[in-house]
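# Commentary on secondary and tertiary structure
Residues per chain, in single letters:
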Amino acid sequence: SIPINDVTVSGGAITIKAVDDQGQMQTVQVIIDGPKITLDPATSRVNTNVTVIGKGFPASNSLNRANSQVPIAYDGFPVKVVSADDTGAFTTTVQVPSTTSIPSNNIVRAAVLGFDRSAVAVHSVPDPSVTLSPTFGVPGTAVTVSGQGYPPGVLINNVRVGNINVSGSAAVSTDDDGSFVTF
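What comes next concerns the included structure. In this text, all values refer to a predicted model and were calculated from it rather than measured experimentally.

## Some remarks on unusual backbone geometry
For the bond from Ile102 to Pro103, the omega torsion is -10 degrees, close enough to zero to count as cis. By the secondary structure assignment, Pro103 is in the loop between strand 7 (90-95) and strand 8 (104-111). Following Ser133, the chain continues into Pro134 via a peptide bond in cis, with omega recorded as -5 degrees. Its location among the elements puts Pro134 in the loop between strand 10 (129-133) and strand 11 (144-148). Positioned with a positive phi, Asn47 is a non-glycine residue whose angle comes to about 65 degrees. By the secondary structure assignment, Asn47 is in the loop between strand 3 (36-40) and strand 4 (49-55). The phi angle at Asp75 is positive, at roughly 55 degrees, despite the residue not being glycine. Looking at the element boundaries, Asp75 is found in the loop between strand 5 (69-74) and strand 6 (77-83).

## Re the sheet that holds strand 4
Strand order in the open sheet made by the three strands is 3-4-7, with antiparallel pairing throughout. Two strands close off the open sheet at either side, each with one partner strand: strand 3 and strand 7. Between one strand and the next, the sheet's axes are offset by a mean angle of 25 degrees, whatever the strand orientation. Two strands pair when backbone bridges link them, and strand 3 and strand 4 are joined in this way by five bridges, in the antiparallel orientation. Within strand 4, the position partnered with Ile37 by the bridge is Gly54.

Rules and cut-offs
- Residues numbered from 1 in each chain as written.
- Predicted model: local features only at pLDDT ≥ 70, side-chain atom pairs only at ≥ 80, totals over all residues.
- Heavy atoms only, no water.
- Helix = DSSP H or I, 4+ residues; strand = E, 2+ residues; numbered from the N terminus.
- Pairing = 2+ DSSP bridges.
- Axes fitted to C-alpha atoms, helices over the stretch in contact; angles between N-to-C directions.

Okay, here's the thing in structure tokens:
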């Protein structure tokens, strides 16, 4: 198997040379992919699941199983360790931490264990959003205000129509997904 070392983990063209006992030599080049990850979706809210798809990591086999581990971090915080398969690929799901800033762009890093090499991708957490139903009406029309993408467990104590606070007497709290509904 191709050894796992600083040269091979970096990726690129590697020369393989075979020499027989008569001094005959043959060389061939192999192109080794460096590690890469993609995220699906690349944008989502806190507490949602993101699929991390990796390729080009050290392959898992009976000779190097320990070296096929891939620690994954979200915005610098370790979230999971997975093993690459026999082709150096993996697919796993991580949850966007509830403590992630809203809005924010966050680095997801999949490291090659034991080497100063990793793959990175950016995951975005969007601004909160508010929807109204119905979206039209006359003065006095009852409407439902729904919000998404707020931090989990916070009070929504100010809903305004123009400069008028229409929140009602009791503030509503966002649920575990950062959503709320008020009338």
